[in-house]
Amino acid sequence: MARKELKVDSVAEAYLALLAERGIEVLFANAGTDFAPIVEAYAKAAHSGVPAPKPLIATHENLALSMAHGYAIASGKVPAVMVHVSVGTANALCGVFNAARENVPILFTAGRSPLTEEGLPGARDTYIHWAQEMFDQAGMLREMVKWDYELRNGAQLETVIDRALTLATSPPEGPVYLSLPREVLAEPLPGFAYNSPARRVAASQPAPDETAVAAAVDILAGAQHPLIITADAGRDLAAVPALADFAERFAIPVVEHRQRHLSLPADHPCHLGYNPAAMLDGADAILVIDCDVPWTPSREAPPADCRIIHIGVDPLFSRYPIRGFTCDLAITGATRLVLPRLGAALAALADPTEIGMRRQRLAEAREKQRAGWRKLAEEAKLLRPIHPAWVSACLAAARDPGSILVNEYTLLPEHCPSIRPGSFFGSSPAAGLGWGAGAALGVKLAEPDRQVVAVLGDGSYLFANPVAVHHAATAHRLPVLFVVVNNAMWGAVRRATLGMYPQGEAARSNRPPFIDLDELPAFEQVCAAAGGYGERVDDPAALPAAFERALHAVNVEKRQALLNVICRGP
Ligand SMILES: Cc1ncc(C[n+]2csc(CCOP(=O)(O)OP(=O)(O)O)c2C)c(N)n1
């Protein structure tokens, strides 16, 4: 047990030093008057050599959260974020919700208006300090975070930070919230002693209960047409080979549904695409692995006698108010621990002839599916306005093999397959738009030597505070390629309206409200205004060369780039 001692003057200095000591390398921030002790502490740390996370400014809170989110999923490290009291917290909520539903551990912090009206160092000294105070600042995000607390004094600092970080990183992971009153940050602290390394650690990954494994084996051994559906298994990189091995061994098709991480390389012989709808009818057992929504019950469902097993550290998604998918068996456990045990137990019972036949059927189904995709891509090639499938196919051809894709849902993965674990990140199921551009910057921060490409809709690009995004890309030297699939509309709203009212007035109307986005600015010029490369593309034949130019700007000139691709709507 080792104790460390630092010479500091204030709680703010000790706080920053402890974050750095606990492995937090970056503090994404959007500041206000509450930051005065933090700004002062950073300035002192620059002289004293007391460690502190790298300070990284983001000029909108949603950007700060999205960058932190991208950084966390790409690096596996916990970032800290600090925003300005109640109002900054309010601006960050969408990002917190995205992180919460995607189980991304972030130490999210905010100042608090000074508590005292006079007397103490840090007490109120400007008019906003009255109106910005809330009775319960954390109340607005308590439902989204795993834990919230307020730092009340320097003596408790180590316990509070350790509690925040261990809870954020215990399964299922997620953001936590800590508010930091200005007087507490400014409190004099003559010296700071703490444990190094920490004596409080995150809880381990849950391993499956053997009875549950045996019950799953019972179901799977009797199944002829099993199916695996996952969205998130690849969040844990160790789960990817576990899934690849399990699926291959028993020849079970795997569908990545609304994928957020690469869970199975697209070239794996068991990879059967991204939409399970057509496969449900024929399934007699389904393994739902790290997947909140395996299908859409109002549209399709597996047969009534199909046995359904859910696997995950929180297989019932306990934080979702309603989720009624049939569940014959729920196994609490980390996928990387569950699948090898299940595989070992199933091997003894599985029938090799059955597996051989399944392997054959799977290969045929896979080939048929891929041929369909190839045909569609070929047809999409010539279409004008440009088809999103062609955008995806051109990106597939132009990208570095080691690149990382961030998809705010307009990339079509069947036309731009990802092979390497950790090379694809899709938006959170909370789908708070405005995530992708900032997330890509965070990914680039974590992986500076890899090419990073964000694929966004025109809607999601606008939600991301583009000027703040492009500023951050230039200011922090994060050369990312942004591909905007620009259909000049909120296509999802159009799809939803036509889906609910296929014969309705809106379907007959040329221009129903809240769908078309008229007079959109020239996005390429917004990027160029920040020093990036920007190009508008409306000719499908010109797209491959445009990708080459944009990626040249990113790879060689080391500056951000944006392709504003004029596309057709749904
Ligand atoms: C913060 C937030 N506001 C609104 C929505 C609702 N919404 C979902 S998709 C969508 C349209 C997105 O447009 P775009 O990115 O251009 O993609 P498209 O649907 O046109 O393919 C909207 C407004 C949301 N998901 N998140």
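Preceding this paragraph is the structure being described.
These remarks concern the structure in this document. Quick caveat: nothing in here was measured; it's all calculated off a predicted structure.

A few words now on a nonpolar patch on the surface. A surface patch of nonpolar side chains, amounting to about 410 Å² of accessible area, comprises Phe 463, Trp 490, Val 493 and Phe 514. Position of Phe 463 relative to the elements: it lies in helix α15 (residues 458-463).

One finds Phe 28, Met 67, Val 81, Phe 108, Leu 141, Leu 441 and Phe 482 to be the most contacted residues of the largest nonpolar core, which totals 55 residues. In terms of residue count, helix α3 (residues 61-75) provides more of this core than any other element does, nine residues in total. Apart from the residues within four sequence positions on either side, Leu 441 is in contact with Leu 63, Met 67, Val 469, Ala 472, Ala 473, Leu 478, Val 480 and Phe 482. In terms of nonpolar packing, the next biggest core, distinct from the first, is built from 48 residues, Ala 233, Leu 287, Trp 295 and Ile 311 among them.

Below, the discussion takes up the site of the ligand. With respect to spatial proximity, 15 residues lie near the ligand, and among them Tyr 409, Ala 431, Gly 459, Gly 491 and Ala 492 are the closest. For the ligand, an oxygen atom lies 2.8 Å from a polar atom in the backbone of Ser 460. In isolation the ligand offers 590 Å² of accessible surface; the protein chains occlude 76% of this area. Of all the secondary-structure elements, those providing two or more residues to the shell around the ligand are α15 and α17 (491-500). Ranked by residues supplied to the shell around the ligand, first place goes to α15 with four residues. Split into classes, the residues belonging to the shell around the ligand amount to seven nonpolar, seven polar and one charged.

Let's shift gears to the pairing of strand β11 (residues 285-289). Summarising burial for β11: five of the five residues are buried, a large majority. The side-chain alternation of β11 yields two buried faces, one formed by Ala 285, Leu 287 and Ile 289 and the other by Ile 286 and Val 288. In this structure, strand β9 (residues 226-230) lies alongside β11, joined through five bridges in parallel fashion. Bridging from a neighbouring strand, Ile 228 pairs with Leu 287 of β11.

Moving on, we come to the packing of helix α9 (residues 239-250) against helix α12 (residues 352-380). Two numbers describe how α9 lies on α12: the axes approach to 8 Å, and their chain directions differ by 105°. With respect to each other, α9 and α12 are oriented roughly perpendicular. Only Ile 355, Arg 358 and Arg 359 of α12 make contact with α9, whose side of the interface consists of Glu 248, Arg 249 and Phe 250. Of the residues assigned to the contact of α9 with α12, the class counts are two nonpolar, no polar and four charged.

This part takes up the sheet that holds strand β15 (residues 424-426). Strand order across the open sheet formed by six strands is β15-β14-β16-β17-β19-β18, with parallel pairing between neighbours. Looking at the sheet topology across the chains shown, the edges are occupied by β15 and β18 (533-537). Each neighbouring strand pair of the sheet contributes to a mean axis angle of 15°, computed without reference to strand direction. Pairing between strand β14 (residues 404-407) and strand β16 (residues 452-457): four bridges, direction parallel. When the bridges of β16 are listed, Ile 404 appears paired with Val 452.

Now for the packing of aromatic side chains. Scanning all chains against the criterion turns up ten aromatic pairs. Relative to Tyr 149, the ring of Trp 147 has its centre 5.8 Å away and its plane inclined at 20°; by these criteria the two rings are stacked. Of the residues examined, Trp 147 reaches a relative accessible area of 13% and is grouped as buried. Over the ring of Trp 130 we find Arg 124; its NZ or CZ atom is 5.2 Å from the centre of that ring.

Let us look at the sheet that holds strand β13 (residues 329-332). Sheets are built from strands paired through backbone hydrogen bonds, the pairs being either parallel or antiparallel. Read across the open sheet, the five strands follow the order β10-β9-β11-β12-β13; overall the sheet is parallel. Each of the sheet's edge strands pairs with one partner strand only, and the pair in question is β10 (254-256) and β13. Taken pair by pair, the neighbouring strands of this sheet meet at an average axis angle of 20°, ignoring direction. As paired elements, β9 and β10 share three bridges and run parallel to each other. Directly across from Ile 228, in β10, lies its bridge partner Val 254. Its contacts with the sheet put α9 on β9, β10 and β11, and the angle it makes with β9 is roughly 165°.

Here we come to the environment of Arg 511. Here Arg 511 shows up in the loop between α18 (505-508) and α19 (523-529). You can call Arg 511 exposed: its relative accessible area is 52%.

Analysis parameters
Per chain, the residues get numbers from 1 upward, laid out in the order the sequence is written. Since the coordinates come from a predicted model, pLDDT governs what is reported: local features require at least 70, and pairs of side-chain atoms require 80 or more to be given and counted, while whole-chain, interface and lining totals use all residues. Side-chain metrics in this entry use all non-hydrogen atoms of the structure; hydrogen atoms and water are not considered. Residues enter a patch when their relative accessible area is above 30% and they make no salt bridge; the linking distance is 9 Å between like charges and 5 Å between nonpolar side chains (Val, Leu, Ile, Met, Phe, Trp, Tyr). Using a 1.4 Å probe, the Shrake-Rupley method yields the accessible areas, and only the shown protein chains count as cover for residues. A side-chain nitrogen of Lys or Arg and a carboxyl oxygen of Asp or Glu constitute a salt bridge if their distance falls within 4 Å. Each helix is a run of H or I in the DSSP string that is no shorter than four residues. Each strand is a run of E no shorter than two, and both are numbered from the N terminus. Here, nonpolar core refers to any group of buried Ala, Val, Leu, Ile, Met, Phe, Trp, Tyr and Cys residues whose side-chain atoms link them within 4.5 Å. For every residue, the accessible area (1.4 Å probe, protein chains only) is compared with the maximum for its type, and the residue is labelled buried under 20%, exposed over 50%, or partly exposed between those bounds. Contact criterion: two residues are considered in contact whenever any of their non-hydrogen atoms come within 4.5 Å of each other. Here a residue is near a molecule or strand as soon as one of its heavy atoms is found within 4 Å of it. Definition of a polar contact: a pair of N or O atoms within 3.5 Å, with one able to donate and the other able to accept a hydrogen when the atoms are protein atoms, and with sequence-neighbouring residues admitted only if both atoms are side-chain atoms. Only Asp, Glu, Lys and Arg are considered charged, only Ala, Val, Leu, Ile, Met, Phe, Trp, Tyr, Cys and Pro nonpolar, and every remaining residue, Gly among them, polar. A pair of strands is treated as paired once DSSP finds two or more bridges between them. Every angle, taken between N-to-C directions, lies between 0 and 180 degrees, and every axis is a line fitted to C-alpha atoms, over only the stretch in contact when it is a helix. Each angle is binned into one of four classes, with values under 35 degrees roughly parallel, values over 145 roughly antiparallel, values of 65 to 115 roughly perpendicular, and all other values oblique. Aromatic pairing here means that ring centres of Phe, Tyr or Trp (its six-membered ring) are within 6.5 Å. Orientation follows from the plane angle: under 30 degrees is stacked, over 60 is edge-to-face, and everything else is tilted. Note on geometry: a ring has a charge over it if NZ (lysine) or CZ (arginine) is within 6 Å of the ring centre and within 35 degrees of the ring normal.

All quantities given are derived from atomic positions and should not be read as evidence of function.
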